Protein chains: 2
Amino acid sequence: MSTDSSAATPPNDALGYLLKHAALRLATLTDASLTPLGIDSKDLGAIRVLARREPTSQLQVAQTLGIDRTTMVALLDALERQGLVTRQPDPDDRRRNLVELTNVGTETYEAGEAIRKAVEAEFLTPLDQGDGEQLRDALRALMAAPDAH
Amino acid sequence: MSTDSSAATPPNDALGYLLKHAALRLATLTDASLTPLGIDSKDLGAIRVLARREPTSQLQVAQTLGIDRTTMVALLDALERQGLVTRQPDPDDRRRNLVELTNVGTETYEAGEAIRKAVEAEFLTPLDQGDGEQLRDALRALMAAPDAH
DNA sequence: TATTGTTATACTCTATAACTATA
DNA sequence: TATAGTTATAGAGTATAACAATA
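This write-up is about the structure you can find in this document. These figures come from a predicted structure and were not determined experimentally.

1. Here's the deal with unusual backbone geometry
All names here are of chain A.
Part 1: Of note, the phi angle at Arg53 is positive, near 65°, even though the residue is not glycine.
Part 2: Structurally, Arg53 can be placed in the loop between α2 (41–50) and β1 (56–57).
Part 3: For Arg53, a relative accessible area of 48% corresponds to the partly exposed category.

2. Here we look at the relation of the copies chain A and chain B
Part 1: Mapping chain A onto chain B calls for a screw motion: a turn of 179° about the axis and a shift of 0.0 Å along it, with 0.1 Å RMSD after fitting. Those values place the two copies in the arrangement expected of a two-fold rotation axis.
Part 2: A shared binding surface is used by both copies, with 82% of the interface residues of chain A retained as interface residues in chain B.

3. What to know about the interface of chain A and chain B
Part 1: Contact with chain A, which involves 50 residues of that partner, is made by 46 residues of chain B.
Part 2: At the boundary of chain A with chain B, total buried surface from both sides reaches about 4700 Å², with 67% on carbon and sulfur atoms.
Part 3: Three residues, Leu15(A), Leu142(A) and Met143(A), lead the burial of chain A against chain B; their summed loss comes to 15% of the area buried on that side.
Part 4: Between the two partners, chain A and chain B, sit 2 salt bridges.
Part 5: Linking chain A to chain B there are 9 residue pairs in polar contact (both at pLDDT 80 or more).
Part 6: It is helix α1 (residues 15–34) of chain A that provides the largest number of residues to the side of chain A that touches chain B, a total of 12 residues.
Part 7: Taken together, the residues of the side of chain A that touches chain B sort by class into 25 nonpolar, 11 polar and 14 charged.

4. Here's the deal with helix α2 (residues 41–50) of chain B
Residue and element names in this part refer to chain B.
Part 1: Summarising burial for α2: 8 of the 10 residues are buried, a large majority.
Part 2: Listed as buried for α2 are Asp43, Leu44, Gly45, Ala46, Ile47, Arg48, Val49 and Leu50.
Part 3: Looking at where α2 begins, the residue whose side-chain oxygen comes 3.1 Å from the main-chain nitrogen of Lys42 is Asp40.

5. As for the sheet that holds strand β1 (residues 56–57) of chain B
Part 1: Strand order in the open sheet made by the 3 strands is β1-β3-β2 (chain B), with antiparallel pairing throughout. Edge strands, defined here as strands with exactly one partner in the open sheet, are β1 and β2 (85–90) of chain B.

6. Comments concerning the sheet that holds β1(A)
Residues and elements named next belong to chain A.
Part 1: If you walk across this open sheet you meet the 3 strands as β1-β3-β2, and the pairing is antiparallel. Only two strands of the sheet have a single partner each, and these edge strands are β1 and β2 (85–90).
Part 2: Where β2 lies against strand β3 (residues 93–101), 6 bridges are found, and the strand directions are antiparallel. Residue Gln88 lies in a different strand from β3, and its bridge partner there is Leu98.

Reading the values: rules and limits
- Residues numbered from 1 in each chain as written.
- Chains lettered and ligands numbered in written order.
- Predicted model: local features only at pLDDT ≥ 70, side-chain atom pairs only at ≥ 80, totals over all residues.
- Heavy atoms only, no water.
- Helix = DSSP H or I, 4+ residues; strand = E, 2+ residues; numbered from the N terminus.
- Buried < 20%, exposed > 50% of the residue type's maximum accessible area, 1.4 Å probe, protein only.
- Least-squares fit on C-alpha atoms with pLDDT ≥ 70 in both.
- Contact = heavy atoms within 4.5 Å.
- Buried area = accessible area lost by both parts, 1.4 Å probe.
- Salt bridge = Lys/Arg side-chain N within 4 Å of Asp/Glu carboxyl O.
- Polar contact = N/O pair within 3.5 Å; in protein donor to acceptor, adjacent residues only side chain to side chain.
- Nonpolar A, V, L, I, M, F, W, Y, C, P; charged D, E, K, R; others polar.
- Pairing = 2+ DSSP bridges.

Structure, rendered in structure tokens:
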């Protein structure tokens, strides 16, 4: 059985519940729409960091996304296997791998971002015009606040 | 973490990223504040369902929360061990357990909800007055939409 | 001695399958 | 046959510890 959070019963207006289930539902929708590209929303997040076209080590990507560097290994293994990224030792510090998007990776990034935005727009249709951007602004303000991890 | 994300490195404004990390941060804060009560935010969610004081089976609680019935077993085991809930076979259908809050469970519910609300208020302080409730309203509207699958 | 990437391992969370007792 | 609760198990997902190469 799936997690049918829209069961019959009453509204749970605890903010944590709402945030968690909204995140889960949007991730499910996005992952489903990204499958033709062979990636999921987590892969797209890593690709988005690399799309800045600045020399980036694996550790920097991991820290930007807030995940462990050991988790990054398998994630990049998959992207490299798909030909979306390359890894080269940094000439200035050979402990580091410089990770870069390939041309295919860049194309996948652009296609993936288009899909993500379309899914977000669809997800936000229950809201009135402008309320979607206000939701995003509010979340951005919360995450920019101090005492982040 | 660096702060050089001026123009070339835009913040990650993917809605899924923002929702997920906001949910994680609020859950971490809430769980930390609930520890004196011996429960976490997931326990409080189950207790909240039971606080309606309607005869409720384990399956009903699980479905309301959108979790599997097998997951509910261990959750209620812990709450029962702490003396917060009781389980009795339903006289009308002895396959079912009727789950009820004890007096201690009711006290814990009230204390827990007070803590949750205080943590939410603190979490929302970066937002202007009223924007917090608008955030909650927007999320409620999204989760009420019949758009599953 | 510290850091980056890697591997192996463990832990958490949750779901699936199978069993029981009831219906 | 079907359902509620339980148990055992498996599968993601992710973190911790140890190790090699490099600084």
